[in-house]
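Here are the chains, one letter per residue:
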Amino acid sequence: MRVDTSEFLGMHGLMRIQVHEDGRLVDERVTQNLMCSAGYNQLVASVVWSAAEDQNAAMGGTTPTQVLYPVYGAVGSASPTPAASDTKLGTELGRSTISEANHSGNQMILVFFYPTTSVPWVMTECGVFVSGSSTATSTANTGLLLNHAVFAGVTKTAAQTSTLFATFSWN
């Protein structure tokens, strides 16, 4: 039997980083991202767990618990070329837990808020870290990298805040 791969479910994303000062938008970058294998594989495992959780005991408890949380959005200052094999950002500046999450149709949006900092940040990359075989925490480079995006540098002064919007769509 020949399988038509054009009908396979795929996922892609769009990352938007905004910088705010006194409640007004002062800078913004929008870029497509690359899905990374480790985080994407955990997403698939979590969907399987969600589908089978209520029957796990009846199946002999063969499916280990698979969750994505906690989830962190991270921003960094390196400009590597994203690859599906990436497991971390080039140079992580900071990370934040989800401040808002929504879904509509085939899209989900995760929002991460970064408050004022003690020093300015020049942000050039970002990604979302999920938990699984490696738990995502507030510590840099923990968890499984779901996606990776690089963009032209945007500066956030110590007095400014920023917000990262991660939009994922299935087709």
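See the structure shown above.
Residues numbered from 1 in each chain as written. Predicted model: local features only at pLDDT ≥ 70, side-chain atom pairs only at ≥ 80, totals over all residues. Heavy atoms only, no water.

### What to know about the overall build of the chain
Okay, step 1: Within the chain, the secondary structure is distributed over 1 helix and 9 strands.
Okay, step 2: The order of α-helices and β-strands along the chain, N terminus first, is β-β-β-α-β-β-β-β-β-β.
Okay, step 3: A compact globule built from 171 residues would reach a C-alpha radius of gyration of about 16 Å, and the chain, at 17 Å, matches this within 12%.
Okay, step 4: Taking the principal axes of the C-alpha coordinates as reference, the chain spans close to 55 × 35 × 30 Å.
Okay, step 5: Relative to its 171 residues, the chain shows a buried fraction of 42%. (Helix = DSSP H or I, 4+ residues; strand = E, 2+ residues; numbered from the N terminus. Rg over C-alpha atoms; globule rule 2.2 N^0.38 Å. Buried < 20%, exposed > 50% of the residue type's maximum accessible area, 1.4 Å probe, protein only.)

### Points about the nonpolar core
A general tendency of soluble globular proteins is for nonpolar side chains to be buried together.
Okay, step 1: Grouped together as the largest cluster of nonpolar side chains are 25 residues, with contacts concentrated most on Leu110, Phe112, Met123, Val128 and Phe168.
Okay, step 2: In terms of nonpolar packing, the next biggest core, distinct from the first, is built from 7 residues, Cys36, Leu89, Phe129 and Leu145 among them. (Core = buried A, V, L, I, M, F, W, Y, C linked by side-chain atoms within 4.5 Å.)

### So, the sheet that holds strand 8 (residues 144–156)
Okay, step 1: Taken together, 9 strands build an open sheet; the order of strands is 2-1-9-6-5-4-7-8-3 and the sheet is antiparallel. Since the sheet does not close on itself, it has two edges, and those belong to strand 2 (24–32) and strand 3 (34–35), each with one partner.
Okay, step 2: Pairing of strand 1 (residues 11–21) with strand 9 (residues 161–170), which is carried by 10 bridges, proceeds in the antiparallel orientation. Paired with glycine 13 across the strands is phenylalanine 168, a residue of strand 9.
Okay, step 3: Relative to strand 8, helix 1 (residues 37–52) is tilted by about 130°, and along the sheet it contacts strand 1, strand 3, strand 7 (121–130), strand 8 and strand 9. (Pairing = 2+ DSSP bridges. Contact = heavy atoms within 4.5 Å. Axes fitted to C-alpha atoms, helices over the stretch in contact; angles between N-to-C directions.)

### Considering the side chain of threonine 163
Okay, step 1: The residue threonine 163 is located in strand 9 in this model.
Okay, step 2: You can call threonine 163 buried: its relative accessible area is 9%.
Okay, step 3: With residues up to four places along the chain from it excluded, the contact list for threonine 163 reads Arg16, Ile17, Gln18, His20, Val111, Phe112 and Phe113.

### With respect to unusual backbone geometry
Okay, step 1: Proline 70 follows tyrosine 69 through a cis peptide bond whose omega is -5°.
Okay, step 2: Position of proline 70 among the secondary structure elements: in the loop between helix 1 and strand 4 (72–76).
Okay, step 3: Phi at aspartate 22 takes a positive value of approximately 50°, unusual for a residue other than glycine.
Okay, step 4: For aspartate 22, the position within the fold is in the loop between strand 1 and strand 2.
Okay, step 5: With relative accessibility at 75%, the residue aspartate 22 sits in the exposed group.
Okay, step 6: Despite not being glycine, asparagine 141 shows a phi value in the positive range, around 65°.
Okay, step 7: With respect to the element layout, asparagine 141 can be found in the loop between strand 7 and strand 8.
Okay, step 8: Exposure remark for asparagine 141: the relative accessible area of 39% places this residue in the partly exposed category.

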